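# Geometric and topological summary
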Amino acid sequence: MSTILRLQQVSKSYRSGGRDLRVLDDITFSVEAGSTLAIVGPSGSGKTTLLGLCAGLDRSTSGSVELHDTRLDELNEDQLAAVRNRYVGFIFQNFQLLPTLTALENVMVPLELRQEKNIRPRALELLDKVGLADRGHHYPAQLSGGEQQRVSLARAFSNQPRILFADEPTGNLDAETSEKVVKLLFDLNREAGTTLVLVTHDLDLAAKTQRILNMKGGKLISDES
Ligand SMILES: Nc1ncnc2c1ncn2[C@@H]1O[C@H](COP(=O)(O)OP(=O)(O)OP(=O)(O)O)[C@@H](O)[C@H]1O
Ligand SMILES: [Mg+2]
C-alpha cells in the first residue's frame, strides 16, 4: 500500500481579538491510498479546518502536509489549485455551489478547468447518478438543501479524484437520500479506488469506514482501525 496523504506536526492558529487561537494542535497521521477514513469529534474541534488543510484549500501555521508526494506547504496558489484540480474532490459542509451557475453548469466547472471533452453529457450523467437529472437547469437557490448537497457530490466526482474529502456529506439529507449518497461514496471507493476521507457526526456512517480519527479541542485524541 502507498501513502496518499501525510501530515506531520500540523498546527493552525487564527489571530482573534488580539490573541492567537490554536485551532489545530500538533496533528500527525498518514492515510493509505484507496482506504476509507472518518474524522469525528465535537462541534468546533477543528474537523473542517483539518480537512481544508489536507485538501490544499487552506494553509497550516506550522508542520507539513504531503498529498500524493507533493508538499502542499511549499506550493504557491496556482500550483495548489493545479494539485487540487488533478487529484482532489471536495464536498463542503455548506456546499459552496456557484450561485450564478445552474446545477448542470456547477458540475461542469471542474471538467472545463481540465479542458476535457464531452463535458455536458458527462455532467448530465453525474447529475443522474445523484438522482437530479431533471434539475440541471435549476440555480442553487431553487434547490433544497439536500439537492444542493447532491449537486456538490456530483461536482466532486466529476474530475475522478484520487482522494475525496467530504465534510458532513449526509448532514442535510433524509434517511433514504442519505443511504443513496453513502452508497455512491463507497461505490466510488470500491470501483475507482478513490481514497475517502469524511467528516461526520453520524457514528453509524463513521463505523462504515476502515478507520476513525477522533478530535477534541484541535487535538487528535484517538486513531482506531
Ligand atoms: N477564520 C477563522 N478565524 C477564527 N477562528 C476560526 C476561523 N475558522 C474557524 N475558526 C475556529 O476554529 C475552530 C474549529 O472550527 P472548525 O470549523 O474546524 O470546527 P468543526 O470541528 O468542523 O466543527 P463543526 O462540527 O461545528 O462543523 C472553531 O472554534 C472556530 O470558531
Ligand atoms: Mg465543520
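Starting from 1, residues in each chain are numbered consecutively following that chain's sequence as written. Chains carry letters and ligands carry numbers; both start at the beginning, A for chains and 1 for ligands, and go up in the order they are written. With pLDDT at 70 or above as the cut-off, local features in this predicted model cover only qualifying residues; side-chain atom pairs require 80 or more to be listed or tallied, and sums for whole chains, interfaces and linings still use all residues.

## Looking at the sheet that holds strand 1 (residues 3-16)
Put simply, the test is: Two strands make a pair as long as DSSP finds a minimum of two bridges between them. Counting from the N terminus, the helices are DSSP H or I runs at least four residues long and the strands are E runs at least two residues long. We call two residues in contact when their backbone-placed C-beta atoms lie within 7 Å. To obtain each axis, a line is fitted to C-alpha atoms, and for helices this fit is confined to the stretch in contact; angles are then taken between N-to-C directions over 0 to 180 degrees.
The four strands lie next to each other as 2-1-4-5, forming an open sheet whose pairing is antiparallel. Among the strands making up the open sheet, the edge pair consists of strand 2 (19-32) and strand 5 (70-71). Of the strand pairs in this sheet, strand 1 and strand 4 (residues 62-67) are connected by five bridges, and their pairing is antiparallel. The residue of strand 4 that forms the bridge with arginine 6 is glutamate 66. Across the face of the sheet, helix 1 (residues 47-54) comes into contact with strand 1, strand 2 and strand 4 while running at roughly 125 degrees to strand 1.

## Thoughts on helix 5 (residues 145-157)
Which entries qualify depends on this criterion: Each helix should span, by expectation, one fewer than its residue count multiplied by 1.5 Å. Backbone-placed C-beta atoms define the burial measure: a residue is buried with 20 or more other C-beta atoms within 10 Å of its own, exposed with 12 or fewer, and partly exposed in between.
With 13 residues, helix 5 should reach 18 Å at 1.5 Å per residue; the first-to-last C-alpha distance of 19 Å fits that figure. The buried fraction of helix 5 amounts to eleven of the 13 residues, a majority that puts the element mostly inside the structure. Within helix 5 the residues assigned to the buried category are Glu147, Gln148, Gln149, Arg150, Val151, Ser152, Leu153, Ala154, Arg155, Ala156 and Phe157. In this fold, the buried residues of helix 5 make contact with strand 6 (88-91), helix 3 (103-113), helix 4 (119-129), strand 7 (163-167) and helix 6 (175-192).

## Structural notes on the sheet that holds strand 8 (residues 195-199)
On the basis of which strands lie adjacent, the open sheet formed by six strands has the order 6-7-8-3-9-10 and mixed pairing. Both edges of this open sheet fall to strand 6 and strand 10 (219-224), since each of them pairs with a single strand only. Ignoring strand direction, the axes of neighbouring strands in this sheet form an average angle of 15 degrees. Pairing analysis gives four bridges linking strand 6 to strand 7, with the strands arranged parallel. Within the sheet, the bridge partner assigned to glycine 89 lies in strand 7 and is leucine 164.

Fair warning: the whole summary comes from geometry, so function is off the table for now.
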